Structure formats: structure tokens, C-alpha cells
Amino acid sequence: EHKQFEALLYAGAARQDKGITHVVDLLKHINNLGLQIPFKLQNSGNHHGEYDAATQADMQRLDKINYPYLQCISETLSAKEYDYQFSGAICIQLYNPTLFADRISGVTLDALSAGSPIVTTADSWIARMVKRFDAGLVVENPAPETVLEAIQKIMADYTHYQRNAVEAGLTLQRENSAAFLFETLIDKNNAE
């Protein structure tokens, strides 16, 4: 079923490697322009609820922006609530491409499975998936102007990207479970 665009989403823990600094810059930019784009931001820390110093500083900057359309989600969500937040969202994944070059991102799989298009930085596994399925847009740099332009392009053609995201989610689930099954069978045969 096709949903209208509802909000931008930063999902998962607020961390430097997951581009939280760029997300705060983006929010500041959107606020300065006086735009009214709803934004859901999971700002939970690590498993102990802590932030590193840089992320702590980003959270303080975030508080000062006072963007009226921002909803911060600091409590840990149930699986159902977590999945639901992707519905009608554009998922912002401005991850560090060096650290995520070949790392499969759980957030990416969750977003695509829920039909949430993605805006992400170039040269990562995430970027390759977004390009492969045309399930969002890849930005060459995480500057807020560049990211906002990508967001607005997706908002203007949300149904198209959403449809592709759903397709990507189904395909990747199949591929990843097939690969998992294959490896399991190989291991089993080698164990005998």
C-alpha cells in the first residue's frame, strides 16, 4: 500500500559514524529556511544511554535549534514501533563511507523493507543498494544544501521511490536469506 510522505527519519543510535553531525547540520539548515518538514530523530545513545563527546556536543546543538517539527525519540522502541517509524518516511543515512564501505546496514534493510526511500552518502554498501534499486538518492557530500536537494527530489516523486524501496527490501531479504541458507548448508556438509 502506498503512503504519502510524512517525515524525515534518522533511525538507530545517535553516533558519529552514522553521521549525526551532518543530520544536526541539516536540521539547522531546514529550520533557517523556515521549512516545515516533519523530522523524527532517534537520539538514544549507546546501549548504556551514553554519547561520546562529539555526539554530546551535537545533541546540545540540536537542542538550541528549536525546530518546531522535530520529534526526538529517546526511549528504546519496541520492534513494532521501530518498524512503524519507517512508514511514510525518507530515511537519512549520512554514514561515514569509509567505515560503511562493505558493512551491511540493518537500518538500510529495515528502511527498504518498510518502503522508506533513503538519502545516503556515496561509496558505501548503502549507496550501492540505493543506486541498484533506485530506492532513494546518493549524495556526493553530506552538506545540508546537497542533502536537502535530494530530499526534495524524493518528496516530489515519493511514490516512485517508495515502490522501488519495497522491491529492494523484498529482493535483499531474499538474497540475504538465500546466502545465509547456502552458507548454513555448506557448513553442515563440511561438518559431516
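Scroll up to find the structure this text is about.
Values in this document were obtained by computation on a predicted structure and should not be read as measured data.

**Q** I'd love a proper account of the overall build of the protein, names of residues and values included.
**A** Scanning the protein from terminus to terminus reveals seven helices and six strands. On C-alpha atoms alone, the protein measures out to a radius of gyration of 17 Å, which is about the 16 Å that the 2.2 N^0.38 rule sets for 192 residues. If you line up the protein on its principal axes, its C-alpha atoms span 60 × 40 × 30 Å. Here the protein, with 192 residues, has 45% of them falling under the buried criterion. Relative to all contacts within the protein whose residues are 6 or more apart in sequence, the contacts with residues 24 or more apart total 74%.

**Q** If you had to explain the sheet that holds strand β6 (residues 136-139) to someone new, which residues and values would you point to?
**A** With parallel pairing, the six strands of this open sheet are ordered in space as β3-β2-β1-β4-β5-β6. The two strands at the open ends of the sheet, each matched to only one other strand, are β3 (70-73) and β6. In this sheet, neighbouring strand axes are inclined to one another by 20 degrees on average, regardless of whether the strands run parallel or antiparallel. Judged from the three bridges that link them, strand β4 (residues 89-93) and strand β5 (residues 118-121) form a sheet pairing that is parallel.

**Q** Before we move on, can you summarise the packing of aromatic side chains with the specific residues and values?
**A** All chains considered together, the criterion is met by four aromatic pairs. Here the aromatic rings of Y67 and Y69 are separated by 5.5 Å at their centres, their planes lie at 65 degrees, and the arrangement is edge-to-face. With 5.2 Å between their ring centres and 80 degrees between their planes, Y82 and F86 make a pair best called edge-to-face. What makes Y82 buried here is its relative accessible area of 17%. The ring of F100 has R103 sitting right over it, with the charged end atom 4.0 Å from the ring centre.

**Q** Give me the lowdown on the environment of K28, citing residues and values where you can.
**A** Structurally, the position occupied by K28 is in helix α1 (residues 20-32). With a relative accessible area of 43%, K28 lands in the partly exposed category. In this structure, the C-alpha to C-alpha distance between K28 and A150, residues 122 residues apart in sequence, is 16 Å.

**Q** So what's going on with the side chain of Q93? Residues and values would help.
**A** Structurally, the position occupied by Q93 is in strand β4. The class of Q93 is buried, set by a relative accessible area of 0%.

Cut-offs applied
Residues numbered from 1 in each chain as written. Predicted model: local features only at pLDDT ≥ 70, side-chain atom pairs only at ≥ 80, totals over all residues. Heavy atoms only, no water. Helix = DSSP H or I, 4+ residues; strand = E, 2+ residues; numbered from the N terminus. Rg over C-alpha atoms; globule rule 2.2 N^0.38 Å. Buried < 20%, exposed > 50% of the residue type's maximum accessible area, 1.4 Å probe, protein only. Contact = heavy atoms within 4.5 Å. Pairing = 2+ DSSP bridges. Axes fitted to C-alpha atoms, helices over the stretch in contact; angles between N-to-C directions. Phe/Tyr/Trp six-rings, centres within 6.5 Å; stacked < 30°, edge-to-face > 60°. Lys NZ or Arg CZ within 6 Å of the ring centre and 35° of its normal.

The quantities given are spatial measurements derived from coordinates; they are silent on function.
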